[in-house]
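Observations on the model geometry
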Amino acid sequence: MYYLIFVTMVANIIASVPRILVIESNKGVIFSMIAALVVGVVLTYIVIHLFNKFSGQSLPDILKKYSSKWFYVPVIIYFAVSWFIAGAITLVTYVFLFTTFVSFETSMVLTTLAFVVIVSFGMLMKSESVLHTVEIVFLLLLLVIIFLFVKIMTDENLNWDFVQVAMMNIGTTPKSYMSFSAASYLFIGVVNIVIFNSFFKGKLKFGLKQATVIGTVGALVLFITYFIPIGFNGFEQIEHLNFPWVSTADSVRMKYGVIERVVFIFIIIFLGISFLSLLVHWHVSLKLLESIFQFNKLKWKNKNLSSYFFVFLFGAVSTFLVTRINEFELFKYASIFYNTLPIFYFILFLSLFVAKRRAKL
Amino acid sequence: MFILCANEKPNTPELMKEIFEKLNRSEDVLTIPLQLGNNNAFVLYLKTVVDGIKLQNIIIKPFFELKSMDYFSSYIQSLPDIVKMKTGEELLIQLTKGHVLISIQDQFFLVDIKMITANSPQQALMEPTIYGPQLALSESIETNLNMIRNRYAEPSLTIENVQFIDKTHQTIALLYDKKKVKQSVLDAVRKKIEELDKTLVESSGDLQLLLNSTKYSLFPSIILTDRPDRITYNLANGKVVIMMDGSPQAIVAPVIFFDFMVSMEDNYHSYWITFFTLILRYAGLLTCILLPAMYVAVTSYTPDIFRVELALSVAASRLGVPYPSFIEVLFMLLFMEFLIESSIRLPKAISATATTVGGLILGTAATEAALTSNIMIIIVSAVAITSFVIPISEMSFAIRICRYLLLAFTTLFGTVGLMLGFLGIIMFLTNKDSFGEPFLKINWKSSKREKEV
């Protein structure tokens, strides 16, 4: 479970979250970040608490049992689409990043296809296997991530004065809703429980200890996301960078390494992380769609092809998106998506409360 | 004492006559009437599979020494080798396996007097170790079961015989520790064995393929081993061992990926040595899978990843090579595979020549002819060596094939393809299961079991 939360947290470092934060840096970002941290932990607590009531059941199971069709079909479709968009944002961001920083000769469609091919296989796996994959890959990458962060933070080019300048803004009254929603997006990982709940036997513990762990890691990640790029690039100039974090990684060199520029390790590692995040999001989305749509017409050799159909659809839509969107639009749409997060939580809680009421738990 | 041929004796019991007919009057089917005064008995057996001396000692001699038929009958019934009387088809199978049918005053007994020729344990060939037991299983299931019982003297060890329905009618024994085994796994294994319908299963190697869950599988979901210490270790960890008569290998199920990376010798070394060799093996595994594909990614797609000096030296060594890097890699890897494949089958004296010619001469000549770069030669030899680091050969074969898949994916998609392809392999492994147990998974709770065999 914690892997899911942490993967989403770390994955957002390369996504649009730092950029949004940095752009809004004059409007009391620090306060919104602290608020997002508190809200994020509280929301995580509520979600886990609610799902504990229905241990061993996924959201579609619960809704199908306790609510009527006109209610659960739109809700699940809404969730599925949200998850698909979340995955697509990660994918498109990464593809942009990769073509900008590593290989601009390779066409974007080709890079996207490479992702889509592998992710399609991953989406069709059993949910349990998805969890195992996330666990293994995340642990493999974790060491390198920690190494990278330590390396970057101890770099001599990191100017703590800039960080202090940024800190000074703590008193600014928050005016930015956008930065709050972007920062709280870091904590969205927990809602993947809607599908994976069926694999957690027994109750998930979420006491003070777990809350502290998630809070600390969240705070650390937020701190790294926001302050380190500022420390490297300066409080004033940072607004002009499209990918503040990658540019930051690019300013660090390893004197004795086989790979001299840290940015390549960074990008390769984050390929793994964004892949995991993509995998989890789209897998959840697929499972949600599967739970309501089973096309009986799409049958071939006794196999229902609906899931293959959805996988194909996902791939096609994201390839289309990659060719159409530019970086500015991506950023715009991503922030709109982050801004809708409260609605997302609201619907999730509403549906769970309804189910709970009906189930009389 | 006189021995007559069956068809000359008029009062042979009906059942024996019938059996004799059913066995097609084969030359080696003998029906021997035993007669002493008023007492008589009949013995029916197949001469080619029954131990003649043993038969003489434990059945024929006592007949003439014991006073009455009742004595003889109770003597037979108390023989240690007596088995339950079978009927019909099963009886015929038992007879062809070396059982003797005895008839005493309308009573029939079946005694197992098998002649076993290949019952001496062999040298451990599949996974030789320096420390640890040197002898492996033998070709006879009795000896093997005896070896395992001796090594694993736990009362909870259960042996279950399964009769296999095919032409060889081999005995298959299912071994497990009743206390430790996971019931779901045991049921899955049993079901799988019962479901098999193949006309001829020759050895456990054959059986292992049949037990594999999918028809076209790449990674083995079962370990084949000839080491008794590995078997007992696995039994102690709650796994199911399948043994087949006539084959010196046992099947261990279910297995997970980490099982394939551990050699039996790891249990006989001190902690840090084991730790070091394990790290070495995983490093070898990664090198073996990633290196060829990485070469393609780095030379053809993103040479700027490496520091400038290294990138330049790689590029310089590729100066004269006329084709893209993936052809170069494929070409060299194929040559290496040819070399491995040919030297496996050759007798020892010739295989040295093959490796010398292939390895030394071809390597130097290929670079001088500018067909490959020097660095490619280093990579190929590194890959060749590391593919033998994996202790279980089936796994190392699977990894060798994976390498080509990754190479293809990298050639198509570049550096992203390399990483994603690797993640894809991990996903493929996690999605696989061996008798209901996930194949690749990090097991936190039982770190001792995690070490596996």
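All of the points below concern the structure found in this document.

Scoring rules and cut-offs
- Residues numbered from 1 in each chain as written.
- Chains lettered and ligands numbered in written order.
- Predicted model: local features only at pLDDT ≥ 70, side-chain atom pairs only at ≥ 80, totals over all residues.
- Heavy atoms only, no water.
- Helix = DSSP H or I, 4+ residues; strand = E, 2+ residues; numbered from the N terminus.
- Areas by Shrake-Rupley, 256 points an atom, 1.4 Å probe, with all protein chains shown as cover.
- Rg over C-alpha atoms; globule rule 2.2 N^0.38 Å.
- Buried < 20%, exposed > 50% of the residue type's maximum accessible area, 1.4 Å probe, protein only.
- Contact = heavy atoms within 4.5 Å.
- Lys, Arg positive; Asp, Glu negative; His and termini not counted.
- Charge placed at Lys NZ, Arg CZ, Asp CG, Glu CD.
- Core = buried A, V, L, I, M, F, W, Y, C linked by side-chain atoms within 4.5 Å.
- Buried area = accessible area lost by both parts, 1.4 Å probe.
- Salt bridge = Lys/Arg side-chain N within 4 Å of Asp/Glu carboxyl O.
- Polar contact = N/O pair within 3.5 Å; in protein donor to acceptor, adjacent residues only side chain to side chain.
- Nonpolar A, V, L, I, M, F, W, Y, C, P; charged D, E, K, R; others polar.
- Pairing = 2+ DSSP bridges.
- Axes fitted to C-alpha atoms, helices over the stretch in contact; angles between N-to-C directions.

Section: the overall build of chain A
On a plain count of helices and strands, chain A comes out with 16 helices and 2 strands. By element, 67% of the accessible surface of chain A is carried by carbon and sulfur atoms, the whole surface being about 15,200 Å².

So, the overall build of chain B
Helix and strand counts for chain B come out as 16 helices and 12 strands. Computed over C-alpha atoms, the radius of gyration of chain B comes to 30 Å, more than 25% over the 22 Å expected from 2.2 N^0.38 for 453 residues, which places it beyond the range of a compact globule. Here the C-alpha coordinates of chain B stretch approximately 105 × 50 × 40 Å along the principal axes. Per-residue burial for chain B yields a buried fraction of 50% across its 453 residues. When contacts within chain B are restricted to residue pairs at least 6 apart in sequence, long-range pairs at least 24 apart make up 66% of them. When the accessible surface of chain B is totalled, it reaches about 21,900 Å², and 62% of it is carbon and sulfur. Charge centroids of chain B, computed over 40 positive and 44 negative side chains, lie 4 Å from each other.

Some details on the nonpolar core
Membership of the largest hydrophobic core comes to 186 residues, with the highest contact counts inside it found for Phe115, Tyr226 and Phe275 of chain A together with Met243 and Leu420 of chain B. Ranked by residues supplied to this core, first place goes to helix H13 (residues 262-292) of chain A with 20 residues. Ignoring any residue separated from it by four or fewer positions in sequence, one finds Met243 of chain B in contact with Leu137, Ile141, Asn144, Leu145, Ile148, Thr171, Ile172, Ala173, Leu175, Ile231 and Ala250 of chain B. Ranked by size, the runner-up nonpolar core spans 21 residues in total, among them Val181, Leu196, Ile222 and Ile242 of chain B.

Description of the interface of chain B and chain A
The partner chain A presents 38 residues to the 28 residues of chain B that form the contact. Roughly 2,900 Å² of surface becomes buried between chain B and chain A when both sides are summed, with 76% attributable to carbon and sulfur atoms. At the junction of chain B and chain A, the tally comes to 0 salt bridges. Inspection of the region where chain B meets chain A yields 4 residue pairs in polar contact (both at pLDDT 80 or more). Secondary structure elements with two or more residues in the side of chain B that touches chain A: helix H14 (393-413) and helix H15 (415-431) of chain B. Among the elements that line the side of chain B that touches chain A, the one with the most residues is H15 of chain B, at 12 residues. Across the side of chain B that touches chain A, the residue classes tally to 18 nonpolar, 6 polar and 4 charged.

Topic: the sheet that holds strand E10 (residues 250-253) of chain B
Residues and elements named next belong to chain B. Spatial strand order, E6-E7-E9-E10-E8: 5 strands in an open sheet with antiparallel pairing. Either end of the sheet is taken by a strand with one partner, and the two such strands are strand E6 (157-163) and strand E8 (223-225). When strand polarity is set aside, the average angle formed by the axes of neighbouring strands in this sheet is 25°. Where strand E7 (residues 171-177) lies against strand E9 (residues 240-244), 4 bridges are found, and the strand directions are antiparallel. Opposite Ala173, over in E9, you have Met243 as the bridge partner.

Digging into the side chain of Thr225 of chain B
Residues and elements named next belong to chain B. Looking at the element boundaries, Thr225 is found in strand E8. What makes Thr225 buried here is its relative accessible area of 0%. Within polar-contact distance, the side chain of Thr225 engages the backbone nitrogen of Arg227 at 3.1 Å. Each residue touching Thr225, except ones within four places of it in the same chain, is listed here: Met126, Glu127, Leu137, Arg230, Ile231, Pro248, Gln249, Ala250 and Val252.

Here we look at the pattern of salt bridges
Residues and elements named next belong to chain B. Tallied over the entire structure, the rule returns 6 salt bridges over all chains. The salt bridge involving Arg403 is made with Glu337; its shortest N-O contact spans 2.7 Å. Here Glu337 lies in helix H11 (residues 325-345) and Arg403 lies in helix H14, a separation of 66 residues in the sequence. The burial state of Arg403 is the same as that of Glu337; both residues are buried. Among the ionic contacts, a cluster of salt bridges with common partners joins Glu160, Asp187 and Arg190.

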